[in-house]
Amino acid sequence: MYVAPISTDHLLSEAEKENLYQKLIEQLNKDFNFANEPVDFHSSTKPDELKVQLHEKIYRLIQYKFAEYLSLLYIVDVPEDQVKKLDGSDIMELSEQVSFLILKREWMKVWFRNRY
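Read on for a plain summary of the structure. Quick caveat, the model's predicted, so the values are computed rather than measured.

## Digging into the overall build of the protein chain
Within the protein chain one finds six helices and zero strands. Counting from the amino terminus, the protein chain carries its helices and strands in the arrangement α-α-α-α-α-α. Computed over its C-alpha atoms, the radius of gyration of the protein chain comes to 13 Å, within 12% of the 13 Å expected for a compact globule of 116 residues. Taken along the three principal axes of its C-alpha coordinates, the protein chain extends 35 × 25 × 25 Å.

This is the structure in structure tokens:
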């Protein structure tokens, strides 16, 4: 049964434990490229590096390319109601929370694809 992770660190450790971390990286690369926001998270990227790189990318998108940011959320299929619940007063905090929502959605895709 799928149980949603409670934090980014928990999600990434779960992905490693289930040997799906590489698939998670592939899914992130695929969806970012599909959104015309190419990233290249290498297969050798460690979980803590991935967390920081994703956070930085989302921060830059919110700051400088907001339309592309919204497009990415649509392509990844992050639930709109979850994004609306976030406090946007601190962009650094917002980008960290959105990074977690993106990882959570991508993890769900990878997990279900692996199971079914």
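Next comes the rest of the description.
## So, unusual backbone geometry
One non-glycine residue, Asn 19, adopts positive backbone phi at about 55 degrees. Counting through the fold element by element, Asn 19 comes out in the loop between α1 (8-17) and α2 (21-34). Overall, the relative accessible area of 67% leaves Asn 19 in the exposed class. Positive phi values are uncommon outside glycine, yet Asp 77 reaches one of about 75 degrees. Residue Asp 77 is classed as partly exposed on the basis of its relative accessible area, which comes to 42%.

## So, the packing of α2 against helix α6 (residues 91-115)
At a minimum axis separation of 9 Å, α2 and α6 run at an interaxial angle of 120 degrees. Regarding the angle of α2 to α6, the classification is oblique. Between α2 and α6 lies a crossing of right-handed hand. Taking contact as the criterion, the partners of Lys 23, Leu 24, Gln 27, Leu 28 and Asp 31 in α2 are, on α6, Ile 102, Leu 103, Glu 106, Trp 107, Lys 109, Val 110 and Arg 113. Here the contact of α2 with α6 is built from residues that sort into six nonpolar, one polar and five charged.

## Observations concerning the nonpolar core
Counting 32 residues, the largest nonpolar core has Leu 24, Leu 28, Phe 32, Ile 58, Leu 72, Ile 102 and Trp 107 as its most contacted members. If you list the elements that add at least two residues to this core, you get α1, α2, α3 (47-64), α4 (66-76) and α6. At nine residues, the largest contribution of residues to this core is made by α6. Setting aside residues up to four positions removed in sequence, Leu 28 forms contacts with Val 39, Phe 41, Leu 50, Ile 102, Leu 103 and Glu 106.

## Let's talk about a negative patch on the surface
Among the surface-exposed residues, Asp 87, Asp 90, Glu 93 and Glu 96 lie close enough to one another that they form a single negatively charged patch. Among the secondary structure elements, Asp 90 is positioned in the loop between α5 (80-84) and α6.

## Focus on the packing of α3 against α4
Direction vectors running N to C along α3 and α4 enclose 130 degrees, while the axes themselves pass 6 Å from each other. Between α3 and α4, the angle falls in the class oblique. Between α3 and α4, the residues in contact are Ile 58, Leu 61, Ile 62 and Tyr 64 and Phe 66, Glu 68, Tyr 69 and Leu 72, respectively. Of the residues in the contact of α3 with α4, the class split is seven nonpolar, no polar and one charged.

About the thresholds
- Residues numbered from 1 in each chain as written.
- Predicted model: local features only at pLDDT ≥ 70, side-chain atom pairs only at ≥ 80, totals over all residues.
- Heavy atoms only, no water.
- Helix = DSSP H or I, 4+ residues; strand = E, 2+ residues; numbered from the N terminus.
- Rg over C-alpha atoms; globule rule 2.2 N^0.38 Å.
- Buried < 20%, exposed > 50% of the residue type's maximum accessible area, 1.4 Å probe, protein only.
- Axes fitted to C-alpha atoms, helices over the stretch in contact; angles between N-to-C directions.
- Parallel < 35°, antiparallel > 145°, perpendicular 65-115°, else oblique.
- Left-handed = near helix turned anticlockwise from the far one by under 90°.
- Contact = heavy atoms within 4.5 Å.
- Nonpolar A, V, L, I, M, F, W, Y, C, P; charged D, E, K, R; others polar.
- Core = buried A, V, L, I, M, F, W, Y, C linked by side-chain atoms within 4.5 Å.
- Patch = residues over 30% accessible without salt bridge, like charges linked within 9 Å, V, L, I, M, F, W, Y side chains within 5 Å.
- Areas by Shrake-Rupley, 256 points an atom, 1.4 Å probe, with all protein chains shown as cover.
- Salt bridge = Lys/Arg side-chain N within 4 Å of Asp/Glu carboxyl O.
- Lys, Arg positive; Asp, Glu negative; His and termini not counted.
- Charge placed at Lys NZ, Arg CZ, Asp CG, Glu CD.

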